[in-house]
Amino acid sequence: MALCSLLPYIVSLYLLFFFHVSTSKIISRFPASIIRRPEQLSIVPNGVTSYKTKYSTQTLDHFNFNPQSYETFQQRYLINAKYWGGPGRNAPIFVYTGNEGDIEWFAQNTGFMYEVAPKFKALLVFIEHRFYGKSVPYGDKKIAYKNASTQGYLSSTQALADYATLILDLKRNLSAFDSPVVVFGGSYGGMLAAWFRLKYPHVAIGALASSSPILNFEGLTSPYSFNNIVTKDFEGESENCYKVIKESWTQIQETALQPGGLQKLRSSFGLCKSTSFSADVLAAWLHSAFIYTAMTDYPAPSNFINPLPAYPVRQMCKAIDDPKLGSDTFAKLHGAMNIYYNYSGNKKCFDLDSHSDKHGLDEWTWQACTEMVLPTDGNSKESIFPASTYNYSIRDAYCKSLFDIDPRPHWITTEFGGSDIRRVLRRYGSNIIFFNGMRDPWSGGGVLKNISDTIIAIVAKHGAHHVDLRFSTKEDPEWLREVRRSEVQIINGWLDQYYLDLAEF
């Protein structure tokens, strides 16, 4: 997640919680490397991710009947029919429920769907989330993002209704009325996939929800969970690595206050001469790298967010533990940052001033300030980050300063549920796979135990953020291969049952 995503706003909140930077300074404080468009993935075979780009006319507001509700916009979707068995055979349709960003980014990083399509003779469809990528209402981002009156149409419920409408229209256009639909998603997209199955069971027969923290809301998951897992990831690799990172925050602040301190930090971390920064901004830049590295601690080289080696947490800790660096904390951290921000070796310096948003993730801030209020900001005294308590009032003030709105922290659990989920869904839901890798910081808010015979939790001790949905590689460990085999087997069972029911009824 994107990322995967669910984290673009954490950098801003980090500055607020730990360093009290004014909101006017942090609205777009997202390090460029976090949101840079991935280069062509070297691990993806040529042509594997080929697709046709199409657009569907979508209703602006599915839930009201005001005159403006009937306005429309063009919603982008990507389609791959290479292996589809066609409507005559009622061959299945596999749909990716788009995340908070450009849909092509996710289509190029969801290899599992391409790899299983031949077995199931499935049509592949990737639908872009409204207000992201090229699926922008009003045809103009300046208008769409102008204020709460226009951004108010950006919500998870509207997005799910978009997906249902588009899928049904597509099935009609293809005369594929009896082709079963299975939805897939990772991170926020995984949350949407699970909720789609619950809200639209007549449209989708099942959902694979990977790394979907549907329980990461107030009162359900501890706000300390996220950073506790990041801490364990690094501490599990090296006790020294953990200590160096943990103690570095104070050193950075103290150095910045000394005469010439900022220049020393600039030199130590290889920051560009043109970069204007403070100790707080530098700390946020480091914080982002540690979090995203923990999330994408994949067993094979990847290029989802940045080019990274296999097991990047381990490689960061090797850089920090390098005996040639002695006790130079900043040199150790600089080595770690080169793993995350410059593994390709192309950068001569780091530019902290860049505010580019090439994946179109900025609108996530609106969602995080309205309904997707995911408490992840608590840090115990053992945390790798500075100790802090979760304080909703800080988030509330931040969101009011940006949008002049009040967040609704309990709306998601009101709309989709979450409390007593095992008791509720065992009687209400079916055909959902929840995958979680326990090295993923978001796993603390995931479904980690089977709810019923048909709502299955697959948990991988060494797994990272929606690693199961990525393209397979020769470096994949056996546990990951087994996860994917299990997912294929479960989906196959859903389809078998569907075809039996279709013949009977």
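Caption draft 1: Expanded view of the overall build of the protein. In terms of helices and strands, the protein carries 19 helices and 8 strands. Buried residues in the protein amount to 60% of all 505 residues. With the model as given, the accessible surface of the protein reaches about 19800 Å², and the carbon-plus-sulfur share is 50%.

Caption draft 2: Just the packing of aromatic side chains, in detail. Applying the stated criterion across every chain, the model contains 24 aromatic pairs. Aromatic side chains Trp249 and Phe290 sit 6.3 Å apart centroid to centroid with 90° between the ring planes, which places their arrangement in the edge-to-face category. Note that Trp249 is positioned in helix H10 (residues 239–257) and Phe290 in helix H12 (residues 279–295), a separation of 41 residues in sequence. Each member of the pair, Trp249 together with Phe290, is buried.

Caption draft 3: Inspection of a positive patch on the surface at higher detail. Judged by side-chain charge, Arg422, Arg426, Arg427 and Lys449 come together as a positively charged surface patch. Relative to the assigned elements, Lys449 resides in the loop between strand E7 (432–437) and strand E8 (455–460). Classification of Lys449 as exposed rests on a relative accessible area of 56%.

Caption draft 4: Spotlight on unusual backbone geometry. Located in the positive-phi region is Lys121, a residue other than glycine, with phi close to 50°. By the secondary structure assignment, Lys121 is in the loop between helix H4 (111–120) and strand E4 (123–127). Looking at Lys121, the relative accessible area reads 34%, which means it is partly exposed. Residues other than glycine seldom take positive phi values, yet Ser175 does so here, at roughly 55°. Summarising the element assignment, Ser175 is placed in the loop between helix H7 (156–173) and strand E5 (181–186).

Caption draft 5: Region of the structure containing helix H16 (residues 392–403). Counted at 1.5 Å a residue, the expected span for H16 with its 12 residues is 16 Å, and the 16 Å between its end C-alpha atoms agrees. Phi for Asp404, located one or two positions after H16, is positive at around 55°.

Caption draft 6: Structural detail: the pairing of E8. E8 sits mainly inside the fold: 5 of its 6 residues count as buried. Pairing of E7 with E8, which is carried by 6 bridges, proceeds in the parallel orientation. Among the inter-strand pairings, Ile432 is bridged to a residue of E8, identified as Ile455.

Caption draft 7: Representation of the state of the cysteines. Tallying each qualifying case throughout the model produces 3 disulfides. For Cys369, the disulfide goes to Cys399, at an S-S distance of 2.1 Å. Taking the sign of the S-S torsion, about -75° here, the bridge from Cys369 to Cys399 comes out left-handed. Placement of Cys369 in the loop between helix H15 (364–368) and H16 and of Cys399 in helix H16 is noted, with a sequence separation of 30 residues between them. Look at Cys369 and you get buried, because its relative accessible area is 2%. Each bonded cysteine in the protein gets a number by its place in the sequence, and the pairs come out as 1-3, 2-4, 5-6.

Caption draft 8: Expanded view of the pairing of E7. With 6 of 6 residues buried, E7 lies mostly within the body of the structure. Burial along E7 is two-sided: Ile432, Phe434 and Asn436 facing one way and Ile433, Phe435 and Gly437 facing the other are all buried. The pairing of strand E6 (residues 206–210) with E7 spans 4 bridges and is classified as parallel. Pairing of Ala209 across the sheet is with Phe434, part of E7.

Caption draft 9: Broad picture of the pattern of salt bridges. All chains considered together, the criterion is met by 17 salt bridges. Between Asp169 and Arg172 there is a salt bridge, and its shortest N-O distance comes to 2.2 Å. Separated by 3 residues within a single helix, Asp169 and Arg172 lie in helix H7, roughly one turn from each other. Of the residues examined, Asp169 reaches a relative accessible area of 24% and is grouped as partly exposed. Close ionic contact of Glu415 with Lys199 constitutes a salt bridge, the shortest N to O distance being 3.4 Å. Here Glu415, found in helix H17 (residues 411–416), pairs with Lys199, found in helix H8 (residues 188–199); they are 216 residues apart in sequence, far enough to count as distant. Among the residues examined, Lys199 registers a relative accessible area of 35% and is labelled partly exposed.

Caption draft 10: Inspection of the environment of Ala387 at higher detail. Of note, Ala387 is situated in the loop between H15 and H16. A residue is classified by how much of its surface remains accessible, and Ala387, at 56% relative accessible area, is exposed. Along the backbone, Ala387 and Asp377 are 10 residues apart, and their C-alpha atoms lie at a distance of 9.8 Å. Contacts of Ala387, omitting those with residues within four sequence positions, involve Asn379, Ser380 and Lys381.

Caption draft 11: Representation of the sheet that holds strand E1 (residues 52–59) within the structure. Strands sit in the order E1-E2-E4-E3-E5-E6-E7-E8 across an open sheet of 8 strands; the sheet is mixed. Taken across any chain shown, the strands that pair with only one partner, and hence form the sheet edges, are E1 and E8. Adjacent strand axes in the sheet meet at a mean angle of 20°, parallel and antiparallel pairs treated alike.

Caption draft 12: How the structure looks around the packing of H12 against helix H13 (residues 312–320). With their axes 8 Å apart at the nearest point, H12 and H13 run at an angle of 135° to one another. One element, H12, and the other, H13, form an angle in the oblique class. For the pair formed by H12 and H13, the contact residues are Ala289, Phe290, Thr293 and Ala294 on the first element and Pro312, Val313 and Met316 on the second. When the residues that make up the contact of H12 with H13 are grouped by side-chain class, the tally is 6 nonpolar, 1 polar and no charged.

Calculation notes
- Residues numbered from 1 in each chain as written.
- Predicted model: local features only at pLDDT ≥ 70, side-chain atom pairs only at ≥ 80, totals over all residues.
- Heavy atoms only, no water.
- Helix = DSSP H or I, 4+ residues; strand = E, 2+ residues; numbered from the N terminus.
- Buried < 20%, exposed > 50% of the residue type's maximum accessible area, 1.4 Å probe, protein only.
- Areas by Shrake-Rupley, 256 points an atom, 1.4 Å probe, with all protein chains shown as cover.
- Phe/Tyr/Trp six-rings, centres within 6.5 Å; stacked < 30°, edge-to-face > 60°.
- Patch = residues over 30% accessible without salt bridge, like charges linked within 9 Å, V, L, I, M, F, W, Y side chains within 5 Å.
- Salt bridge = Lys/Arg side-chain N within 4 Å of Asp/Glu carboxyl O.
- Lys, Arg positive; Asp, Glu negative; His and termini not counted.
- Charge placed at Lys NZ, Arg CZ, Asp CG, Glu CD.
- Expected span 1.5 Å × (residues − 1).
- Pairing = 2+ DSSP bridges.
- Disulfide = S-S within 2.5 Å.
- Contact = heavy atoms within 4.5 Å.
- Axes fitted to C-alpha atoms, helices over the stretch in contact; angles between N-to-C directions.
- Parallel < 35°, antiparallel > 145°, perpendicular 65-115°, else oblique.
- Nonpolar A, V, L, I, M, F, W, Y, C, P; charged D, E, K, R; others polar.

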